[in-house]
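The lines below spell out each chain.
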Amino acid sequence: MEFRRQKDCLEISELDPFLAELLRQIPESCNVEGVEGAQERIFSAPAATSESEICAEWKVYVEPELRRLFRSATETVTADLAQLNGCTKPFANCTLRIPAENAEAWLNALNQARLAIAAKYNFTDGELCDHYRSPIGSRRDLGLFQVNFYGFLQEFILQEMTL
Amino acid sequence: MQSSFGSSVENPVVEQETRAAEELDLPWQVIVHNDPVNLMSYVTMVFQKVFGLTKEKAEKHMLEVHQLGRSILWSGMRERAELYVQQLHGYLLLATLERTN
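Computed from a predicted structure; not experimentally measured.

1. Comments concerning the overall build of chain A
- Regarding its fold elements, chain A presents 7 helices and 3 strands.
- By principal-axis analysis of the C-alpha atoms, chain A measures approximately 55 × 35 × 30 Å.
- Within chain A, the fraction of its 163 residues that count as buried is 46%.
- Counted over contacts in chain A with a minimum sequence separation of 6, partners at least 24 positions apart contribute 69%.
- Element-wise, carbon and sulfur atoms account for 52% of the exposed surface of chain A, whose accessible area totals about 8700 Å².
- Side chains of chain A carry 16 positive and 25 negative charges; the gap between the two charge centres is 5 Å.

As structure tokens, this is what we get:
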């Protein structure tokens, strides 16, 4: 896999089928419906529970706005990921180009996915910091790999955004 | 005939409104809490964008969050504090507003 900044986009080339599939799973990973821990993390409280008025108003007025924002970011990423469907050969490496104007939406969607997966599997701080973990042996291990891979992608986007 | 001064002092509605106004004037703090998932570089970028901080200052707050568990990013009127917390939640940071003691 190679990252490079092109004129108006961030290019990820030589994406093998496994990593391409992980990228395809970003939108699905952002869906927190029915995943209680993930819902709580993505829509965390704006104040202590004793501030009941603030928390109640937030649910009514702010949370719908946040839902719209997060959905919009996910839709942008879903549209960009359609490029991966153009890989004609089943096991061929492919290339993804992220338009520079979509970089913020990608950062947001990647963060949604990372937080939702981490909450779903309840990863410990130790697990999240262990970047040399043994090979994937379970769905949980795959989840941890996803969190780290999406984080790696975030770092690349951030680095290119600040250049 | 009652004096207007006397009636306004005894009117409980006026007193309730005054208290509410005083509560709104109390300073509030915008606090960001530690989160093991959000990247340090991402948190720094968010602080720069939301509060217009320099990279050095944003990194100082980010490290405070990382090492001490929380950092006070801003304090002032409630309405603006709520807006900042909303923006921070838009970036998926763990942020709350608290009354200043």
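2. Re helix H3 (residues 40–51) of chain B
- For H3(B), with 12 residues, the first-to-last C-alpha span of 16 Å sits near the 16 Å given by 1.5 Å per residue.
- When we look at burial in H3(B), the residues that qualify are Tyr42(B), Val43(B), Thr44(B), Met45(B), Val46(B), Phe47(B), Val50(B) and Phe51(B).
- Where the residues of H3(B) are buried, they touch helix H5 (103–121) and helix H7 (139–162) of chain A together with strand E1 (28–33), helix H4 (55–68), strand E2 (70–76) and helix H5 (78–90) of chain B.
- Immediately beyond the C-terminal end of H3(B), within one or two residues, lies Gly52(B), with a positive phi of roughly 65 degrees.

3. Examining the sheet that holds strand E3 (residues 95–99) of chain B
All names here are of chain B.
- Across the sheet, 3 strands lie side by side as E2-E1-E3; this open sheet has antiparallel pairing. Each having just a single partner strand, E2 and E3 make up the two edges of the open sheet. Between one strand axis and the next, the sheet turns through 30 degrees on average, direction left out of account.
- Relative to E2, E1 is paired through 6 bridges, and the arrangement is antiparallel. Directly across from Gln29, in E2, lies its bridge partner Ser75.
- In the packing of H5 onto the sheet, the strands contacted are E1, E2 and E3, and the crossing angle to E3 comes to about 165 degrees.

4. Considering H4(B)
Residues and elements named next belong to chain B.
- Its 14 residues place the ends of H4 19 Å apart at the C-alpha level, agreeing with the 20 Å of an ideal helix rising 1.5 Å per residue.
- Among the residues of H4, those classed as buried are Ala58, His61, Met62 and Val65. End-on, the buried residues of H4 take up no more than an arc of 100 degrees, which puts them together on one face. Turned more than 90 degrees away from the buried face of H4, the exposed residues are Glu56, Lys60, Gln67 and Leu68.
- Where the residues of H4 are buried, they touch E1, H3 and E2.
- Gly69 sits one or two positions beyond H4 and adopts a positive phi of about 95 degrees.

5. Looking at the side chain of Thr44(B)
- Locating Thr44(B) in the fold gives a position in helix H3.
- For Thr44(B), the residues in contact, after removing those within four places along its chain, are Lys55(B), Ala58(B), Glu59(B) and Met62(B).

Cut-offs used in this document
Starting from 1, residues in each chain are numbered consecutively following that chain's sequence as written. Chain letters start at A and ligand numbers start at 1, both assigned in the order the entries are written. Selection of residues for local features in this predicted model requires a pLDDT of at least 70, selection of side-chain atom pairs for listing and counting requires 80 or more, and totals for whole chains, interfaces and linings are taken over all residues. The basis for the side-chain values is all heavy atoms of the structure; hydrogens and waters are excluded. Here a helix means four or more residues in a row that DSSP labels H or I, a strand means two or more in a row labelled E, and each is numbered from the N terminus. Buried residues are those whose accessible area, probed at 1.4 Å on protein chains only, stays under 20% of the maximum for their type, while exposed residues exceed 50% and partly exposed ones sit between those limits. Contacts between residues were defined by any pair of non-hydrogen atoms, one from each residue, lying within 4.5 Å. Using a 1.4 Å probe, accessible areas were evaluated by the Shrake-Rupley method; residue-level cover was limited to the displayed protein chains. When charges are counted, Lys and Arg contribute as positive and Asp and Glu as negative, whereas His and the chain ends are disregarded. To locate a charge, take NZ of a lysine, CZ of an arginine, CG of an aspartate or CD of a glutamate. The span expected for a helix works out to 1.5 Å for each residue beyond the first. Strand pairing is defined by DSSP finding a minimum of two bridges between the two strands. Every axis in this analysis is a line fitted to C-alpha atoms, fitted for helices over the stretch in contact. Angles between the N-to-C directions lie between 0 and 180 degrees. Think of the arc as the fan of directions from the helix axis to the C-beta atoms.

So far we have only geometry, and geometry alone does not tell us how the molecule works.
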